Each structure stands twice: as C-alpha cells, then as structure tokens.
Amino acid sequence: MLPTVDWTADGVVMIDQRKLPGAEVYVTCRTAAEVAKAIKTMVIRGAPAIGVAAAMGLALGMKKSRATGTVKFAAEFQKACDLMASTRPTAVNLFWAIDRMKRCFGAAARAGASADEIKVRLEAEARAIHDEDVAACRAIGRFGGELVPERARILTHCNAGALATAGYGTALGVIRGAVELGRQVSVFADETRPFLQGARLTAWELTHDGIDTTVITDNMAATFMRQGLIDLVVVGADRIAANGDVANKVGTYGVAVLAREHGIPFYVAAPSSTLDLATPSGAEIPIEERPEREVTHVGTTRLTPAAAKIRNPAFDVTPARFVTAIVTERGVWRAPYEESLRQATA
Ligand code: MRU
C-alpha cells in the first residue's frame, strides 16, 4: 500500500503530494508548525489524511516541548491545537482529530499524568487515529465494493484514495474493494481543476495498482455520461452534514447533478470522522477559498491575464437529494439521512 503519512523517530514523514506524479519526494516535519504548514500548502491533503497529520503534528509538537510546568505544557498544547485548526476549514476530520487529541490530553492531565506521560499518550493516540483510519477505509471498501457491478465503469472526482487517507482510500477504497471481490472495473478520473488531484494523484494511485484508468477533463463527464460510458459515480467527502448534504472538492456538485440527469447512481464514501452531525445542513459548512495562484497558473506558466479577477472556492456542497447512498466503515446509509446518519454514528 502507498505510504501517505508516517510517525518516525525523526518526525512526521509524508509524501509530497504537490510533486506527484513527477517525483516521489518524502518530507520530514520536525515541529508542529511544519506539519501545519504542510497541511496548509497541500504537501498532504484529503480530509482523513489531514486529520491524521494534525494528530501526529500535535503529538510531535508536545514531544519536542521543553515546558516543565503543567500549566505551560497545557498552554503550548492549546497553541498547537489553534495552529492546526487554522490550516484548512472545510475538512471536518481536522477538527475531529484535534478534539480527540484534546480529550486524550485532558483525560491524562486529570489523571495526574506528568508531561512525559502525556507525551507518550498523545503519540499513542495519534498512531491509533492513523491505524483506525486504515481499518475504516478497508471496511468502506468491503461495504462499497458490493455496490459495484461487474465490469462497472466508474467516474470519480478529485482524489479520495490512499493518498487522501492513512491508506487504501474511501472512494478509491470502494474501487479497490470491488477489485478485491474479483470485479473487473475501469475508472474515469476527472482531472479536477485547479489542483489536478484526479489527473496527478488518482491516476497515479490507480495505475500503480494496475486498475484500468482514463483521465478526462472535468468538462468531459457530461458527454461520457450521455454516451452511456459511466455506470456509477463514487466520490469522497470533506464534511457530511446531519441532513446528508456533502461538501467535497469543487466540481462534485456538478457531477452529482449530471449523474441524476443520466440515471447514474452517485455514491459518497467517507469514514465516520467525516460525519458532522453538529452541522445541520450544507449551508453551514465553511468553504475554503484558496490562493488565486492555483487558478492563474499551472506550474510556473501563467494562464490568465493579470487584470482578470479570480475566484477559487476549493469545495462545493452537493445536496443530499442527489446522493444515492453514503458508505461508511459501518455500512451503507440511504435517505432519509437525518435518521440513517444518526444510526451510522450511534
Ligand atoms: O483540497 P483537497 O485535495 O484536500 O480535497 C480533497 C477532497 O475533496 C477529497 O475528495 C476529500 O477530502 C475526501 S478524501 C478521502
């Protein structure tokens, strides 16, 4: 399986996803601030992977802390949590992981643990978050794989693969799960402007696994659907609200509307850490606006005239009514999502 993020004696190691597929470069983050920067600048990306990296970043930051008194140690931890929380606003897994690390810290502190003992517990918690994410993705693959018919031609958007998680992937986990069930599948990977997660990362991962992969530009999906070349869509999610509205990479909403028009099932695959039942609907999900340069440039080449205004919302919201089912590590959930997602988290 492809390595995404790892805890090592030197620090938190991650493959630099900005450089793929041209180069496989590993980056070692040696402080919490370096991990936060890696998340913000998309060295590592994808909601579950962001959560895992943040947890490891917090454990790393505290491991390196020289604070002796518990008050100073706790203040440093809070500061590191705030820094992580400021990196990317849409992926709820980030906040879920920070909360979990805070609960771990709080429980240890209340039990009278020393700073050294808290360091050990935070590291164990971060490693557990990593391992649980891999297990969740594998379970998503088992449930989701069953939804994929033999010889299915599958469209996916962005990268919800091993690179976007601790391993195996969510949407790509469903595809891998289908392959493990012996189904012959082929995948259409939307290129996913502007950061090209589909063209660069999904295509890299799937071809690495020997899965038949065709990259298309985002504006080709409609025509392939009308030609009857797509049997199902599966995507990941950055946050799923209590009513089943799904925030995912910008462009997902358009794919969902197209799938409905063409009678194609539209599945969302995500671990429970992506379910945000405290947010009633997609209208309340914060949407990250990323730097203009991602739109104005490809690599070092400028595409747009300097005078043009630019927008770069990184995510959109797909209303629940377009979602055929949501696959989590606990099963396959269907409308009405207010009820089924409560069961999914009970
Ligand atoms: O901006 P990114 O690359 O972090 O966006 C990633 C996505 O939109 C993924 O589909 C989502 O995080 C799910 S990853 C399993």
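All values reported here derive from a predicted model rather than from experimental measurement. (Residues numbered from 1 in each chain as written. Predicted model: local features only at pLDDT ≥ 70, side-chain atom pairs only at ≥ 80, totals over all residues. Heavy atoms only, no water.)

## Digging into the pairing of strand 6 (residues 212-216)
Here is step 1 of the chain: As defined by bridge partners, strand 5 (residues 186-190) adjoins strand 6 across five bridges and the pair is classed as parallel. Counterpart to Val187 in the pairing with strand 6 is Thr213.
Here is step 2 of the chain: What joins strand 5 to strand 6 is helix 7 (residues 197-208), and the crossover it makes is right-handed. (Pairing = 2+ DSSP bridges. Helix = DSSP H or I, 4+ residues; strand = E, 2+ residues; numbered from the N terminus. Right-handed = clockwise from strand over helix to strand, strands pointing away.)

## Structural notes on the sheet that holds strand 8 (residues 239-241)
By way of backbone hydrogen bonds, the strands of a sheet pair with one another, either parallel or antiparallel.
Here is step 1 of the chain: A sheet is described by the order of its strands in space; here four strands give the open sequence 11-8-9-14, paired in mixed fashion. Of all the strands in the sheet, the pair left with one neighbour each is strand 11 (275-276) and strand 14 (315-318).
Here is step 2 of the chain: Docked against the sheet, helix 9 (residues 252-261) engages strand 9 (246-249) and strand 14, running at close to 30° with respect to strand 14. (Contact = heavy atoms within 4.5 Å. Axes fitted to C-alpha atoms, helices over the stretch in contact; angles between N-to-C directions.)

## Points about the packing of helix 4 (residues 92-110) against helix 5 (residues 115-145)
Here is step 1 of the chain: The geometry of helix 4 relative to helix 5 is characterised by a closest axis approach of 10 Å and an angle of 145° between their N-to-C directions. For the element pair helix 4 and helix 5, the recorded crossing hand is right-handed. Contact with helix 4, carried on its side by Trp96, Ala97, Arg100, Met101, Cys104, Phe105, Ala108 and Ala109, involves Ile118, Arg121, Leu122, Glu125, Ala126, Ala128, Ile129 and Glu132 of helix 5 and no other residues of that element.
Here is step 2 of the chain: Looking at the contact of helix 4 with helix 5 residue by residue, the class counts come to twelve nonpolar, no polar and four charged. (Left-handed = near helix turned anticlockwise from the far one by under 90°. Nonpolar A, V, L, I, M, F, W, Y, C, P; charged D, E, K, R; others polar.)

## Some points on the nonpolar core
Here is step 1 of the chain: Within the largest apolar cluster, 46 residues are counted, with the highest numbers of intra-cluster contacts made by Val12, Met14, Met84, Met101 and Leu122.
Here is step 2 of the chain: When residues of this core are traced back to their parent elements, those giving at least two are strand 1 (5-8), strand 2 (11-15), helix 1 (32-40), helix 2 (47-63), helix 3 (70-85), helix 4 and helix 5.
Here is step 3 of the chain: In terms of residues, this core owes the most to one element, helix 2, which gives twelve residues.
Here is step 4 of the chain: Setting aside residues no more than four positions away along its own chain, Val12 makes contact with Val5, Asp6, Trp7, Val27, Thr28, Cys29, Val35, Met56, Gly57 and Leu60.
Here is step 5 of the chain: In this structure, Leu155, Ala256, Ala259 and Val323 belong to the second largest nonpolar core, which totals 28 residues. (Core = buried A, V, L, I, M, F, W, Y, C linked by side-chain atoms within 4.5 Å. Buried < 20%, exposed > 50% of the residue type's maximum accessible area, 1.4 Å probe, protein only.)

## Regarding the site of the ligand
Here is step 1 of the chain: Taken together, 18 residues lie near the ligand, and Arg45, Arg88, Gln197, Asn248 and Lys249 sit nearest.
Here is step 2 of the chain: Residue Gly46 places a main-chain N or O atom 2.9 Å away from an oxygen atom belonging to the ligand.
Here is step 3 of the chain: Within the side chain of Lys249, an N or O atom sits 2.7 Å from an oxygen atom of the ligand.
Here is step 4 of the chain: Within the residue set of the shell around the ligand, elements represented by two or more residues are helix 2 and strand 9. (Near = heavy atom within 4 Å. Polar contact = N/O pair within 3.5 Å; in protein donor to acceptor, adjacent residues only side chain to side chain.)

## Side note on the sheet that holds strand 10 (residues 266-269)
Here is step 1 of the chain: On the basis of which strands lie adjacent, the open sheet formed by seven strands has the order 6-5-4-7-10-15-16 and mixed pairing. Both outer strands of the open sheet, strand 6 and strand 16 (331-333), are each paired with one neighbouring strand and no more. Shown here is a sheet whose adjacent strand axes are inclined to one another by a mean of 25°, direction ignored.
Here is step 2 of the chain: Along the sheet face, helix 9 touches strand 4 (153-156), strand 5, strand 7 (232-235) and strand 10 and points at about 145° away from the line of strand 10.

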